[in-house]
Amino acid sequence: MTFYAIWTPPGRHDVAHATLVPQRMSWLVLLLGWPGLLARGCPIAGLMAGGVALVAWAVMPHGLPLLVVLAAMHVLLALCAADLRGWELGLRGLTPGPVVMARDADDARLRLMHAAAPSTPIA
């Protein structure tokens, strides 16, 4: 089970326009680093991390120290990818909503629809 943070555009609190962000480590970002952040939809954080990686490449001696720093960057970015995506969605004007626990994104959307449905008595 995974927690999904719900981000909706302001004024629209319907499920159709909600963005679901899984609150877990991103394997794509762990493997690729800052290009993985770009692929996940985080252009600002991805380009900032790419700039830090280029500075580390230019400043540090090539070899084991550079490899350790770049590997640590990949792990840190992978662990913080969900928070970085939420930060960028907030910069785009989306508002955070409830957190839903589900097996996958479809199940999370279904649980969100069930929670948002008006309760009507069955006659």
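Worth saying up front: this structure is predicted, and the values here are computed from it rather than measured.

Asks: Tell me what's going on with the layout of surface pockets, and back it up with residues and numbers.
Replies: The gaps of empty space that remain are located by a probe, the size of a water molecule, rolled over the atoms. Reported here for the largest pocket is a volume of approximately 210 Å³. Around the largest pocket, the lining residues are V21, P22, R24, M25, S26, W27, L28, R40, A81, A82 and R85. Among the residues forming the lining of the largest pocket, the class breakdown is 7 nonpolar, 1 polar and 3 charged.

Asks: Give me the lowdown on the environment of G41, citing residues and values where you can.
Replies: Here G41 lies in the loop between α2 (34–39) and α3 (43–59). Here the alpha-carbon distance between G41 and E88, two residues 47 residues apart in the chain, equals 8.6 Å.

Asks: How would you explain the environment of G50 if you had to name every residue and give the values?
Replies: With respect to the secondary-structure elements, G50 resides in helix α3. With 18 residues separating them in the primary sequence, G50 and L32 have C-alpha atoms 11 Å apart.

Asks: So, the pattern of salt bridges: which residues are in play, and what are the values?
Replies: For the structure shown, the criterion picks out 2 salt bridges. For R92, the salt bridge goes to E88, with nearest N and O atoms at 3.7 Å. Here D107 and R111 are joined by a salt bridge, their closest N and O atoms 3.4 Å apart. In this pair, D107 and R111 are both assigned in helix α6 (residues 105–116), 4 residues apart and thus about one turn of the helix distant.

What counts as what
- Residues numbered from 1 in each chain as written.
- Predicted model: local features only at pLDDT ≥ 70, side-chain atom pairs only at ≥ 80, totals over all residues.
- Heavy atoms only, no water.
- 1 Å grid on protein atoms, 1.4 Å probe; cavity = no way out; pocket = protein on both sides within 12 Å on 5 of 7 lines; lining within 4 Å.
- Points joined across faces, edges and corners; volume = space filled by probe spheres on them.
- Nonpolar A, V, L, I, M, F, W, Y, C, P; charged D, E, K, R; others polar.
- Helix = DSSP H or I, 4+ residues; strand = E, 2+ residues; numbered from the N terminus.
- Salt bridge = Lys/Arg side-chain N within 4 Å of Asp/Glu carboxyl O.

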